[in-house]
Amino acid sequence: MPGKKTLLFVISRGEVIRNFVYSDIAQQLKKEYQLVFFSVFPNATLQSYLKDNCDELHELKPLQLNYSQRLLHEIMDLAHNRYLWSEAAKVRWNMRDAEATSFFQKFTRAIKKMIALPLANNRALTLLEKLDLQLSKNNKQVKCYRDKIKKIAPDLVFNASHSHSKIAYPLLQATRLQKIKTAAFLFSWDNLTSQGRVLPPHDYYLAWNEKIRQDLLNIYPGTIKANTFVSGTPQFIGHYQKENHLSSEELKKQLGLAPGEEYFLYSSGMSHHMPYEPYVVGRIADIIKTIGANYRLVVRTYAKDRHDVFDTLKAERPDIIIPEVKWERNFQTPLMDDQIFFSSLIKHCVGGINVASTISLELCMFNKPAINVGYNPPGKDIYPYNYTRFYSFDHYKPIVDSGAVQVAMDEDEMKSYLLEAIHQPEKYSKQREALINDFFEDRQGLNVAEAFVKIINGIAS
């Protein structure tokens, strides 16, 4: 459209659709820009929905790398992990060691670690990034995307999830080769200190809060501070849209709760990080039974985990309510109905239970007691895994230290916190409020959607 600049918006995962399209941020940007989506297509319905929210739609194709690129990325991941060497990075390193079980796996991992260790510094990693860019010139996908980029001629390419960029890698490298400005949203609060390197690097970054912004600057000292922004995150916009919440009566009807029954909400994690979690959940349900017959346990299973993890528990324990999580499994895409249901689950629960999850923050948003499982499954050997280790991770330790969440170190303490949630639900209200105010900061009257539009406008100008 004449007079409008062009914004190329990268949607590499279904959660990006929730964050930026369901939230109407894309619609606001469309008023300002010729908006071009390069996106995954979870299903035909969502493909049509995406088309309605942009001016031009293209599909992101599965990543194809040759052997030299795959090897380089693996070495970079190992080197970055060792360079980072946070508590989470140490655990990640040890877990990968444990997962190498055959002689061949152990041998190849040892060789790759030997190569990576001398490269575990920012200077070497920066050089490897430059080598990666040179290798990408011959990648067929990169060449194809370069042709498309030349035709579209965007003023800015916005990658809406830095941690899910593998499928977007050829497009982003093509953009860099064309010397077009790129910006990335730091998708999650833990990825910088617990996951792999931001690859490829971007010109601008948007962070949830100042701490995450500082983590970025510390880990990537070559980043220009003036090109980093605190934007908040659109991930939780739905929680504050009260018109989209179900009433307590309607929610309980959907859950199958009887009149007068109340519920605790357990939110599960990744099964390969938390072995025997259904066993832990069953025992917590047993504790709740001893508290009172009118209290039930509702389990929100982790949408990004295997879908069958809790099937046995669901079949054997009809007293535990495990509702369907309405996500499209292709590209891990939340559906609109699920956003309303999930917000309502948190809003109406007595309190929430999880293992060091982002949902602890969400419980605090609703001023609900947040209880963390700080003990391993009783009587089970889960070495080399350990539930307790999560609470020393760089991103989560400040949450524990705030006093806004309570970490139960054994089942007796779990029962005490459950009782406290029933009889003294406001006990830690001030800590919860302080945590949310500190974590998300004051945007000086701007809501999250407006903040994003303002920042992107500034970058693209």
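Criteria and cut-off values
Residues numbered from 1 in each chain as written. Predicted model: local features only at pLDDT ≥ 70, side-chain atom pairs only at ≥ 80, totals over all residues. Heavy atoms only, no water. Helix = DSSP H or I, 4+ residues; strand = E, 2+ residues; numbered from the N terminus. Buried < 20%, exposed > 50% of the residue type's maximum accessible area, 1.4 Å probe, protein only. Contact = heavy atoms within 4.5 Å. Lys, Arg positive; Asp, Glu negative; His and termini not counted. Charge placed at Lys NZ, Arg CZ, Asp CG, Glu CD. Pairing = 2+ DSSP bridges. Arc of directions from axis to C-beta. Axes fitted to C-alpha atoms, helices over the stretch in contact; angles between N-to-C directions. Parallel < 35°, antiparallel > 145°, perpendicular 65-115°, else oblique. Nonpolar A, V, L, I, M, F, W, Y, C, P; charged D, E, K, R; others polar. Phe/Tyr/Trp six-rings, centres within 6.5 Å; stacked < 30°, edge-to-face > 60°. Expected span 1.5 Å × (residues − 1). Polar contact = N/O pair within 3.5 Å; in protein donor to acceptor, adjacent residues only side chain to side chain. Patch = residues over 30% accessible without salt bridge, like charges linked within 9 Å, V, L, I, M, F, W, Y side chains within 5 Å. Areas by Shrake-Rupley, 256 points an atom, 1.4 Å probe, with all protein chains shown as cover. Salt bridge = Lys/Arg side-chain N within 4 Å of Asp/Glu carboxyl O.

Draft legend 1. Layout of the overall build of the chain. Along the backbone of the chain there are 20 helices and 15 strands. Taken along its principal axes, the extent of the C-alpha atoms in the chain is 65 × 55 × 40 Å. Of all 461 residues assigned to the chain, the portion counted as buried reaches 56%. A sequence separation of at least 24 residues applies to 72% of the contacts in the chain between residues at least 6 apart. Side-chain charges in the chain split into 58 positive and 51 negative, and the spacing between the mean points of these groups amounts to 8 Å.

Draft legend 2. Structural context of the pairing of strand 1 (residues 5-11). Taken across its 7 residues, strand 1 has 6 buried, putting it largely inside the fold. Strand direction decides the pairing type here: strand 1 and strand 2 (residues 33-39), joined by 7 bridges, are parallel. Each bridged residue has a counterpart across the sheet, and for leucine 7 the counterpart in strand 2 is leucine 35. Across 4 bridges, strand 1 lies against strand 4 (residues 156-159) in parallel orientation. Note that in strand 4 the partner of valine 10 across the bridge is asparagine 159.

Draft legend 3. Layout of helix 2 (residues 25-32). Taken together, the buried positions of helix 2 are occupied by Ile25, Ala26 and Leu29. Along helix 2, the residues classed as buried sweep out an arc of 95° about the axis, all on the same side. Looking at the buried positions of helix 2, the neighbouring elements they touch are strand 1, helix 1 (14-22), strand 2 and helix 20 (448-460).

Draft legend 4. Expanded view of the sheet that holds strand 7 (residues 228-230). An order of 3-2-1-4-5-6-7 is seen for the 7 strands of this open sheet, with the pairing classed as parallel. The open sheet has two edge strands, strand 3 (56-59) and strand 7, and neither has a second partner. When the angles between neighbouring strand axes are averaged without regard to direction, this sheet yields 20°. Bridging between strand 6 (residues 204-207) and strand 7 involves 3 bridges; their strand directions are parallel.

Draft legend 5. Seen up close, the packing of helix 7 (residues 122-136) against helix 9 (residues 169-177). For the pair helix 7 and helix 9, interaxial distance at closest approach is 10 Å and the crossing angle is 95°. Here helix 7 lies roughly perpendicular to helix 9, going by the angle between them. Judged by residue contacts, Asp132, Leu133 and Ser136 of helix 7 engage Tyr169, Gln173, Arg176 and Leu177 from helix 9. Taken together, the residues that form the contact of helix 7 with helix 9 break down as 3 nonpolar, 2 polar and 2 charged.

Draft legend 6. View of the packing of aromatic side chains. Counted according to the given criterion, the structure contains 21 aromatic pairs. On the basis of an interplanar angle of 80° and a centroid distance of 5.4 Å, the ring pair of tryptophan 189 and phenylalanine 439 is categorised as edge-to-face. With tryptophan 189 in the loop between strand 5 (182-185) and helix 10 (191-194) and phenylalanine 439 in helix 19 (residues 429-440), this pair connects stretches of sequence that are 250 residues apart. An identical accessibility class is assigned to tryptophan 189 and phenylalanine 439; each is buried. Between phenylalanine 264 and tyrosine 295 the ring centres are 6.3 Å apart and the planes differ by 45°, which places this aromatic pair in the tilted class. Within this pair, whereas phenylalanine 264 is found in strand 8 (residues 262-267), its partner tyrosine 295 is found in strand 9 (residues 295-300), the two being separated by 31 residues in sequence. Residue phenylalanine 264 is classed as buried on the basis of its relative accessible area, which comes to 0%. Residue tyrosine 295 is classed as buried on the basis of its relative accessible area of 17%. Members of the aromatic cluster, connected to one another through ring pairs, are Trp189, Trp208, Phe236, Tyr391, Tyr396, Phe439 and Phe440.

Draft legend 7. Layout of helix 6 (residues 103-116). Over its 14 residues, helix 6 extends 20 Å from the first C-alpha to the last, a length consistent with the 20 Å expected when each residue adds 1.5 Å. Packed against the buried residues of helix 6 are helix 4 (67-84) and helix 5 (87-99).

Draft legend 8. Summary view of the environment of arginine 296. Turning to its location among the elements, arginine 296 is positioned in strand 9. By relative accessible area, arginine 296 is classed as buried at 18%. Arginine 296 sits 62 residues away from threonine 358 along the chain, and the two C-alpha atoms are 23 Å apart. Apart from the residues within four sequence positions on either side, arginine 296 is in contact with Leu257, Glu261, Glu262, Tyr263, Phe264, Ile288, Pro318, Asp319 and Ile321. Here aspartate 319 takes part through its backbone oxygen, which lies 2.9 Å from a polar atom of the side chain of arginine 296.

Draft legend 9. A look at the sheet that holds strand 13 (residues 352-354). Judged by pairing direction, the sheet is parallel, and its 6 strands sit side by side in the order 10-9-8-13-14-15 without closing on themselves. Of all strands in the sheet, those bounded by a partner on one side alone are strand 10 (320-321) and strand 15 (406-408). Summarising the sheet, strand 14 (residues 370-373) and strand 15 pair through 3 bridges and their orientation is parallel. Opposite isoleucine 371, over in strand 15, you have glutamine 406 as the bridge partner. Packed on one face of the sheet, helix 18 (residues 411-423) meets strand 8, strand 9, strand 13, strand 14 and strand 15 and runs near 145° to strand 15.

Draft legend 10. Region of the structure containing a nonpolar patch on the surface. Judged by side-chain polarity, Phe103, Phe107, Ile111, Met114 and Ile115 come together as a nonpolar surface patch covering roughly 560 Å² of accessible area. By secondary structure assignment, the location of methionine 114 is in helix 6. Residue classification places methionine 114 among the exposed residues on the basis of a relative accessible area of 57%.

Draft legend 11. Spatial organisation of the pattern of salt bridges. Taken as a whole and assessed by the stated rule, the structure comprises 22 salt bridges. Notably, a salt bridge pairs arginine 283 with glutamate 411, separated by 2.6 Å at the nearest N-O pair. With arginine 283 in helix 13 (residues 277-291) and glutamate 411 in helix 18, this pair connects stretches of sequence that are 128 residues apart. When its relative accessible area of 28% is taken as the criterion, arginine 283 is described as partly exposed. Residues arginine 306 and aspartate 308 are paired through a salt bridge, measuring 3.1 Å at the closest nitrogen-oxygen approach. Take arginine 306: its relative accessible area is 51%, and that puts it in the exposed class. One salt-bridge network, in which partners are shared between bridges, spans Asp286, Lys289, Arg317 and Asp319.

Read these as spatial facts, not as claims about activity.
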